[in-house]
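Here are the chains, one letter per residue:
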Amino acid sequence: TQMNYLRRLNAYAGGHADFGYDSMGNEVIVYGQYVGGKGVLLMSTRLADNTVQQQLPGISEPAGIYMASNYHISCRNINRPGYCYVSNFAFDSAFNAYMFHEVFALKLDGSGSVEIFSQDFAAPLPLADLSYFRCSMVVPSRDGSLALFSSDWGDPSSTAIIYDYVSGVELN
């Protein structure tokens, strides 16, 4: 089988991203777009035609309180299309960032609608280490009712043990 080049995706610049389905059933890639010095906007690009949509807007425009620049996205919820799951952890000084230290589902319809599953209960900054493993890195169950994430549960020491936690909600 030979592979054929189809297109280059608009706007996606690497980093944490995942493939999923938007609320209209279109296959999309969901990713963060860094906005110089302000943080991250969550975006999607439709694979069929390269249409870009802002999914989680900056809050309090024009001041622009955006999501923190360290996040994780998962669309593993294959039996609940139309959502992506996001965890957000600021490794810099973005303490007032939108959805700071939250584990949430984001509806992929451009509305910015979120369902909060949990806080990540991470230690306050600054930490003894800024290990990548301190990021909560959410991943949902297939039906989207459970979210698995990790946390140091408030231990700022460099010897903190990072455990995994499961949070669930009853979906309608």
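Residues numbered from 1 in each chain as written. Predicted model: local features only at pLDDT ≥ 70, side-chain atom pairs only at ≥ 80, totals over all residues. Heavy atoms only, no water.

### With respect to the nonpolar core
Defined as follows: Take the buried Ala, Val, Leu, Ile, Met, Phe, Trp, Tyr and Cys residues and link them wherever side-chain atoms come within 4.5 Å; each set so joined is a nonpolar core. Relative accessibility thresholds used throughout: buried, under 20% of the residue-type maximum; exposed, over 50%; partly exposed, between the two (1.4 Å probe, protein chains only). By definition, any uninterrupted DSSP run of H or I lasting at least four residues is a helix, any uninterrupted run of E lasting at least two residues is a strand, and each is numbered from the N terminus. Contacts between residues were defined by any pair of non-hydrogen atoms, one from each residue, lying within 4.5 Å.
Ranked by size, the top nonpolar core spans 15 residues in total, and within it Leu42, Met67, Ile73 and Cys84 carry the most contacts. Going through the elements one at a time, strand E2 (27–35), strand E3 (39–46), strand E5 (71–74), strand E6 (83–88) and strand E7 (102–107) are the ones with two or more residues in this core. Each residue touching Met67, except ones within four places of it in the same chain, is listed here: Gly39, Val40, Leu42, Leu56, Val86, Asn88, Ala97, Tyr98 and Phe104. If you look at the next biggest cluster of nonpolar residues, it comprises 8 residues, including Tyr83, Tyr85, Val103 and Ala147.

### Some points on unusual backbone geometry
A positive phi angle, close to 70 degrees, is found at Asn50, a residue other than glycine. Along the chain, Asn50 falls in the loop between E3 and strand E4 (52–56). Relative accessible area serves as the criterion here: at 13%, Asn50 is assigned to the buried category. Backbone geometry places Phe121, a non-glycine residue, at a positive phi of 55 degrees. Positionally, Phe121 belongs in the loop between strand E8 (114–119) and strand E9 (139–140).

### Quick word on the environment of Phe149
With respect to the helices, strands and loops of the structure, Phe149 is situated in strand E10 (residues 146–151). Assessed through its relative accessible area of 4%, Phe149 is described here as buried. Sequence spacing of Phe149 and Val103 is 46 residues, and the spatial spacing of their C-alpha atoms is 7.9 Å. If we ignore the near neighbours within four places in the chain, the residues touching Phe149 are Val103, Ser118, Gln119, Asp120, Ser136, Met137, Val138, Tyr163, Asp164, Tyr165 and Ser167.

### Some details on the packing of aromatic side chains
What counts is decided by this rule: Between 30 and 60 degrees the pair is tilted, below 30 it is stacked and above 60 it is edge-to-face, where a pair is any two Phe, Tyr or Trp rings, Trp via its six-membered ring, whose centres lie within 6.5 Å.
Summed over all chains, the structure comprises 4 aromatic pairs. An angle of 65 degrees between the planes, with centres 5.5 Å apart, marks the rings of Tyr85 and Phe117 as edge-to-face. Within this pair, whereas Tyr85 is found in strand E6, its partner Phe117 is found in strand E8, the two being separated by 32 residues in sequence. Phe117 carries the same exposure label as Tyr85, and that label is buried.

### So, the pattern of salt bridges
Defined as follows: One side-chain nitrogen of Lys or Arg within 4 Å of one carboxyl oxygen of Asp or Glu is enough to make a salt bridge.
Under the counting rule described, the total for this entry stands at 3 salt bridges. A salt bridge links Arg80 to Glu115; the shortest N-O distance between them is 2.9 Å. Taken together, the residues span a long stretch of sequence, with Arg80 in the loop between E5 and E6 and Glu115 in strand E8 at a distance of 35 residues. Two residues, Arg134 and Asp152, come together in a salt bridge whose shortest N-O distance is 2.4 Å. With a gap of 18 residues between them, Arg134 in the loop between E8 and E9 and Asp152 in the loop between E10 and strand E11 (163–168) connect regions that are remote in the sequence.

### Some points on the pairing of E2
Keep this limit in mind: A pair of strands counts as paired when DSSP detects no fewer than two bridges linking them.
Relative to E2, strand E1 (residues 17–21) runs antiparallel, the two being bridged by 5 bridges. Within the sheet, the bridge partner assigned to Ala17 lies in E2 and is Tyr31. Taking the residues that link successive antiparallel strands as the turn, the E1-E2 hairpin has 5 residues, and the phi of Gly25 there is positive, at about 90 degrees. Pairing geometry for E2 and E3, over 8 bridges, is antiparallel. If you follow Gln33 over to E3, its bridge partner there is Leu41.

### A look at a nonpolar patch on the surface
The following threshold applies: Patches here are clusters of residues that have more than 30% relative accessible area and form no salt bridge, with a 9 Å joining cutoff for like charges and a 5 Å cutoff for nonpolar side chains (Val, Leu, Ile, Met, Phe, Trp, Tyr). Per-residue accessibility takes into account occlusion by the displayed protein chains alone, with areas from the Shrake-Rupley method and a 1.4 Å probe.
A surface patch of nonpolar side chains, amounting to about 320 Å² of accessible area, comprises Tyr132, Phe133 and Ile162. Looking at where Phe133 falls in the secondary structure, it is placed in the loop between E8 and E9. When its relative accessible area of 61% is taken as the criterion, Phe133 is described as exposed.

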